[in-house]
Amino acid sequence: MEIFLMILMFLVLIGISNMIHRFVPFVPVPLIQIALGIAAAFVRSFHHVPLNPELFMVLFIAPLLFNDGKRTPRKELWKLRSYILLLALGLVFATVLIAGPFIHWLIPTIPISAAFALAAILSPTDAVAVSSLSGRAKLPPKIMHLLEGEALMNDASGLVAFNFAIAATVTGYFSLPKAALSFFVIAVGGLAVGAALGLAVIWFRMLLRRLGMEDVTLHMLVIILTPFIIYLIAEELHLSGILAVVAAGVTHAVERDRMRSASMRLRVVSDSTWSVILYTLNGLVFLLLGHEIPGVINQIWSDPAYNNGQVIGYIVLITAVLILLRLVWVWLSTNRNIKSAVLTALSGVRGALTLAAAFSIQLTLADGSPFPERALILFICAGVILMTLILASSLLPLLTREKNKATAGQETHDREARIRVLEAGLQTVREEMNDENKEEALQLMLVYTRKLQHTRLAGTGDIQGAWKATIAIRKMGLEAERAVAEQWLGEKRIAPRVAEKFIASLNKVELLLTSRYRPRLTIKSLWRQVMRLLKGGERPKHPAMSPDHPDWDEYKALKLAAIHAAIDELESMERTERPAALQAVVADYRAMELYLCNDRMWSRTVRKMNNERRELELKAIQAERNEIQRQFEEGEIDRTLASHFRMDVNYREANLFETQAMDQGESV
């Protein structure tokens, strides 16, 4: 029960971390999750489970790397293969050979073999941490592909070097030829076994399809189990499980491309399922990392044998050497300019894999004596992880800010991103179309097709500023409408129930536009609701607000007066930097006025915009939101463009709500 509560608490903290990130977007989500994990470690009633390195690798690293192998573009990796190998192999071994002796010189109490082990486990970058950088720092595509390829490959080389160095420390024996041969067998064997098993899984799934077993749930179960099974089989054969799941991910990416048209529904379910799994696993990785840090730090912090300032100095110096060595290696080996080399060097973030491997260090040597400075090694690993994350999160956005400025090429990129968002909505409408909603779906598909054509033909311009101006102008119109309702209510020209319904509609529109809710006239409404509950009465039902509703004439008069007030307010603006935005908002109000002035037209509109159309459009809007989030998380768009796209979606949802507000079956 305690473990279940711990897992449940971690899942809650993952959600909280993303809520916090919305308020402090300049702080990366991984750092927020690490901080929450640290805070959870100090909760007395919170159950603490020691980090099991083997379980951590198979439960978290295997599926994450499998997914990275599926998503990483293969053509780009192949083009950068020589540079990736120079980083994944050459830099790892150079770090071991250079940083190892430096660590031993800096901290003589750490034997040279243990210093080699510490350098080895600090050498690989973390794929999960690297992918977390794309949200804030829009790195150039070549650098990002290079980092992804390096992170997929260098885990194996770092872990192999680490294991040999630990074995040499424990047993006092080391053979370079044997180590080199073992590394070749472990790495190549892991890749071969992973590719073979990946193809076997694909063949098995094709066999199921030929036998008529098209059940999406069954296929998803096979896909989810694939990375775990392949990792365990490779490790059981004493090969690299990490490289095995990467190779299996790449083979599944090939299979995905070939079956793209034949398994559309499976792709949709697979993408949705994996997004939830990856979202959860990524969060758990950083929460567990933070959860372990206090225990690691406490061993050193409370030990009088160590000078706290001195051990912090160790972390700073070792981190500086790792970054400097990486900078020089990238600059000399990949022929990159100094700025690209600096970006690549700072992007070499260490993650939970480093700490998990450090926890696997034995407590004792072969002769039964304690492993030398094990606690200090764990402390240094935790410190380097935090420092590399903080440095990358703070410096990379500053260094890449110039790259995010709008250019001619950027306009094309932004337009293509917008097209992908609209296509996501269009695809959802196609998938949801059936015999009952076919007419509404075809109409909505036509709307999306026109938007796509307009987007392909038009440039983007300053659309971010245009949408901000449009929303600001619409808010001014809402204020004018709200003032009319309050005036009429004060003059008792309308019934309170009509005013409540009207203002509730305005509040909902404002909430959709600005994510803020401004309650007005709610005290009386709340009091009536409380009194109704105390009297045991049920909420009265009213027919939909339409020309047949008993309050229709009163509501219609109020709405028309509010529309006229809003138009007068907007047209009285002497100057505006966005005349097109002003005209668009006024046109929306004119359209609403036209509907209200013709009761028959309004009735036809209400009947046409039925529940099926509403559900279709809301699902399409949600699909657009999902696509915006996906592009943002994968670094395809920056935060500014994602914010603009969300403004667009929110504005359309607000208009949809206001057009259909009179089709509600209950009063407020």
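Residues numbered from 1 in each chain as written. Predicted model: local features only at pLDDT ≥ 70, side-chain atom pairs only at ≥ 80, totals over all residues. Heavy atoms only, no water.

Whenever I open this one, the overall build of the protein confuses me. Can you help?
The number of helices and strands found in the protein is 26 helices and zero strands. Taking all 668 residues of the protein together, 50% fall into the buried category. Within the protein, contacts between residues at least 6 apart in sequence are counted, and of these 79% link residues at least 24 apart. Approximately 32,500 Å² of the protein is accessible, and the part contributed by carbon and sulfur atoms is 63%. (Helix = DSSP H or I, 4+ residues; strand = E, 2+ residues; numbered from the N terminus. Buried < 20%, exposed > 50% of the residue type's maximum accessible area, 1.4 Å probe, protein only. Contact = heavy atoms within 4.5 Å. Areas by Shrake-Rupley, 256 points an atom, 1.4 Å probe, with all protein chains shown as cover.)

Looking at this model, I keep getting lost on the packing of helix H3 (residues 53-71) against helix H15 (residues 352-359). Mind explaining?
One can describe the packing of H3 onto H15 by two numbers: an axis separation of 8 Å at closest approach and a directional angle of 155°. Here H15 runs roughly antiparallel to H3, going by the angle between their axes. Here Pro53, Phe56, Met57 and Ile61 of H3 come into contact with H15, specifically with Ala352, Leu353, Ala356 and Phe359. For the contact of H3 with H15, the class distribution of residues is eight nonpolar, no polar and no charged. (Axes fitted to C-alpha atoms, helices over the stretch in contact; angles between N-to-C directions. Parallel < 35°, antiparallel > 145°, perpendicular 65-115°, else oblique. Nonpolar A, V, L, I, M, F, W, Y, C, P; charged D, E, K, R; others polar.)

Explain the packing of aromatic side chains to me, please; I cannot follow it from the model alone.
This structure, assessed with the given rule, holds three aromatic pairs. Ring centres of Phe502 and Tyr555 lie 6.0 Å apart, and the angle between their planes is 70°; on these two criteria the pair is classed as edge-to-face. Placement of Phe502 in helix H20 (residues 496-514) and of Tyr555 in helix H22 (residues 552-571) is noted, with a sequence separation of 53 residues between them. When its relative accessible area of 3% is taken as the criterion, Tyr555 is described as buried. For the cation-ring pair, Arg493 lies above Trp488, with the distance from its terminal atom to the ring centre recorded as 4.0 Å. (Phe/Tyr/Trp six-rings, centres within 6.5 Å; stacked < 30°, edge-to-face > 60°. Lys NZ or Arg CZ within 6 Å of the ring centre and 35° of its normal.)

Is there a simple way to explain the packing of helix H14 (residues 338-346) against helix H16 (residues 374-399) in this structure?
Each packed pair of helices is defined by two parameters, the angle between the axes and the distance between the axes. Between H14 and H16, the shortest axis-to-axis distance is 10 Å and the interhelical angle comes to 155°. Between H14 and H16, the angle is such that the two are roughly antiparallel. Between H14 and H16 lies a crossing whose hand is left-handed. On H16, the residues that touch Lys339, Val342, Leu343 and Leu346 of H14 are Ala392, Leu395, Leu396 and Leu399. Taken together, the residues of the contact of H14 with H16 sort by class into seven nonpolar, no polar and one charged. (Left-handed = near helix turned anticlockwise from the far one by under 90°.)

What exactly am I supposed to notice about the environment of Pro53 here?
Tracing the chain through its elements places Pro53 in helix H3. Along the chain, Pro53 and Ala356 lie 303 residues apart, while their C-alpha atoms are 5.0 Å from each other. Among residues more than four places away in sequence, those in contact with Pro53 are Ala356, Phe359 and Ser360.

Hey, could you run me through a nonpolar patch on the surface in this one?
A contiguous nonpolar patch, built from Ile3, Phe4, Leu5, Ile7, Leu8, Met9, Leu11, Val12, Ile16, Met19 and Ile20 and spanning about 940 Å² of accessible area, is present on the exposed surface. Mapping Leu8 onto the fold places it in helix H1 (residues 2-23). When its relative accessible area of 41% is taken as the criterion, Leu8 is described as partly exposed. (Patch = residues over 30% accessible without salt bridge, like charges linked within 9 Å, V, L, I, M, F, W, Y side chains within 5 Å. Salt bridge = Lys/Arg side-chain N within 4 Å of Asp/Glu carboxyl O.)

Would you mind showing me how to read the pattern of salt bridges here?
A side chain of one charge can pair with a side chain of the opposite charge if their charged atoms are brought near each other. According to the stated counting rule, one finds six salt bridges in the structure shown. Between Glu150 and Arg326 there is a salt bridge, and its shortest N-O distance comes to 2.7 Å. With Glu150 in helix H8 (residues 141-171) and Arg326 in helix H13 (residues 308-333), this pair connects stretches of sequence that are 176 residues apart. On the basis of relative accessibility, which here comes to 1%, the residue Arg326 falls in the buried class. Among the ionic pairs, Glu491 bridges to Arg493, the shortest N-O distance being 3.5 Å.

Just geometry here; none of it tells us what the structure is for.
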